[in-house]
Amino acid sequence: MLSKPTLLKLIEAEQDVHLEFLQSLIRTPSPNPPGDTREAVRLVEKYLHEHGIESRRIAPHSDAPNLVSVTGTRLATRRLVLNGHIDSFPVADADQWRRDPYSGDIEDGFIHGRGVVDLKAGTAASIIAYTYIHRFQSQLTGQCALEVVSDEETGGKYGTRYLLEEDEGRQTWRGDCVLNAEPGGMESIRFGEKGTLRMTFTVVTQGGHGAYLHRNEGAIRISARLIERLVGLETLRGKDMDPKLDRYMERDDVRTVANSIMGQGAADSMLKPTVNIGTIIGGAKVNMIPSSCTFEVDIRLPIGLEAGTVLSRIDELLSVVPEASYTVQLAASNPAAASPIEHELVSLIQRNAEMVGGITPLPIVSLGATDCKHFRYHGVPAYAYGPSPETMAERDERASVREFLQTVKVHTLAAWDYLGGPA
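- With an unreviewed UniProt entry as reference, the chain is termed Peptidase M20 dimerisation domain-containing protein, source organism Friedmanniomyces simplex.

1. A word on the packing of aromatic side chains
- The final tally for this structure, using the stated rule, is four aromatic pairs.
- With 6.5 Å between their ring centres and 85° between their planes, F136 and W416 make a pair best called edge-to-face. Remark: W416 occurs in helix α14 (residues 401-418) and F136 occurs in the loop between α4 (116-135) and β6 (143-149); sequence separation between them is 280 residues. For the pair F136 and W416, a shared accessibility class is recorded, and that class is buried.
- When the ring of F201 is compared with that of Y326, the centres are 5.7 Å apart and the planes differ by 45°; the resulting orientation is tilted. Remark: Y326 occurs in strand β14 (residues 324-328) and F201 occurs in strand β9 (residues 195-204); sequence separation between them is 125 residues.
- Above the plane of the ring of Y418 lies R78, whose end atom (NZ or CZ) is 4.2 Å from the centre.
- Sitting over the face of the ring of F110, R398 holds its NZ or CZ atom 3.7 Å from the ring centroid.

2. Concerning the side chain of D417
- Secondary-structure assignment places D417 in helix α14.
- Beyond its immediate stretch of four places on either side in the chain, D417 contacts K4, L348 and N352.

3. Some remarks on the UniProt feature "domain: Peptidase M20 dimerisation" (unreviewed entry) in the chain
- Mapped onto this numbering, the UniProt entry gives "domain: Peptidase M20 dimerisation" (unreviewed entry) at residues 192-319.
- Secondary structure content for residues 192-319 is 37% helix and 27% strand, and the end C-alpha separation is 34 Å.

4. Observations regarding the nonpolar core
- Of all hydrophobic cores here, the largest spans 75 residues; its most connected members are V44, L48, L80, I349 and F404.
- Broken down by element, this core gets its largest block of residues, 11 residues, from α4.
- Among all residues touching F404, those that are not within four sequence positions of it are H18, L19, L22, A121, A124, A125, I128 and P387.

5. Some details on the pattern of salt bridges
- Tallied over the full model, the rule gives 27 salt bridges.
- The partner of K409 in a salt bridge is E12, with the nearest N and O atoms 3.5 Å apart. One end of the pair, K409, is in helix α14; the other, E12, is in helix α1 (residues 4-13), with 397 residues separating them in the sequence.
- Judged by its relative accessible area of 14%, K409 is buried.
- Across the pair D268 and R255 runs a salt bridge, and its minimum N-O distance is 2.8 Å. Separated by 13 residues along the polypeptide, D268 in helix α10 (residues 266-269) and R255 in helix α9 (residues 252-262) bring together distant segments of the chain.

What counts as what
Residues numbered from 1 in each chain as written. Predicted model: local features only at pLDDT ≥ 70, side-chain atom pairs only at ≥ 80, totals over all residues. Heavy atoms only, no water. Phe/Tyr/Trp six-rings, centres within 6.5 Å; stacked < 30°, edge-to-face > 60°. Helix = DSSP H or I, 4+ residues; strand = E, 2+ residues; numbered from the N terminus. Buried < 20%, exposed > 50% of the residue type's maximum accessible area, 1.4 Å probe, protein only. Lys NZ or Arg CZ within 6 Å of the ring centre and 35° of its normal. Contact = heavy atoms within 4.5 Å. UniProt positions renumbered as here; feature names shortened; annotations may be inferred. Core = buried A, V, L, I, M, F, W, Y, C linked by side-chain atoms within 4.5 Å. Salt bridge = Lys/Arg side-chain N within 4 Å of Asp/Glu carboxyl O.

Printed below as a string of structure tokens:
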């Protein structure tokens with residue numbers, strides 16, 4: 001009978017092997033776009049096979065396969081899902097990095113490379129945790145599914161969303177609850193995330209000669225005023241949030257953790273919408289009044305604020321700007337989603353994080369989107385615990401070796417506890 005302390009010692013004894021696996025994953029590029037993850041999936045397949053684990057591909061898009069595996073009894077009364085994506089942001093400025101963007105180098109306590117923060121360190125931790133659960137499955141009473149997915153960086157249509165909504169095994173892939181390793185920092189557990197409302201605005205005017213502004217001010221100036229009014233939407237508040245959850249989010253310790261991990265002001269952003277003007281295109285020549293201007297807006301919706309409320313306010317704004325119209329980018333727009341902070345898995349993550357690292361992480365909301373939302377939409381509680389988001393998608397992306405190894409330990413031990421492993 002394997003005890004939990006013995007399992008922890010085994011994980012620590014094999015930490016060099018865990019780091020080697022993460023290095024190999026970083027050194028296998030899987031940028032999205034274009035989204036081709038076949039080589040990275042092949043690497044994970046080989047790793048699982050070496051651990052005696054059967055896996056299979058589910059590939060609604062041939063270049064972006066998902067790799068899945070299930071261990072444990074099919075008669076299990078509880079089913080845990082370990083979910084993580086294998087695609088990453090692309091590299092557009094490789095010549096400006098201090099080292100090869102896919103080096104996987106380890107130096108001064110950090111491991112370097114594109115995608116290590118989002119999400120190869122986290123996904124590697126989930127895969128490694130799964131190998132331990134599979135290895136000692138005879139001592140567990142639950143079932144565990146591993147989902148190494150593609151297409152997260154572009155919405156999950158062919159990845160997690162496909163598994164949960166389209167695949168014939170969707171009930172297995174949903175499980176009873178989900179443990180994910182999206183970057184959140186050792187001080188937090190992400191129990192929810194803000195929603196997205198992405199829109200394209202178009203302003204059309206007559207245009208004309210640049211000296212004749214008395215006749216027509218042009219599409220860009222009208223757009224500039226409209227943008228200012230759209231930014232004013234940040235004063236809205238979600239009316240449908242549970243008052244108990246609202247009070248929790250306003251707690252000083254919760255706000256301190258959010259600001260510490262994501263930067264000063266993050267605690268406020270958890271509770272209000274933010275309006276980012278991502279692109280703007282207009283005009284043909286400096287001495288011409290622009291006849292058209294198009295800009296894209298990314299509005300992040302807090303828990304309790306519906307897109308319909310925001311769209312109604314935008315319609316009011318446009319009622320006095322007849323030159324403007326908009327379309328909603330439906331495929332990239334999703335409501336906010338949250339899971340209960342009192343869930344058993346939250347307590348297990350906290351308890352094991354305290355034991356391993358001496359810090360009890362607090363549940364907070366992610367400002368960015370993750371695949372956890374797809375589970376939450378189906379009523380499945382989903383939680384993320386992973387390394388710091390610092391340097392995510394930045395030049396010279398890097399992750400803490402200590403935090404990666406702690407994530408491996410916490411995920412393995414929390415899964416062990418949830419699935420009925422002996423103490």
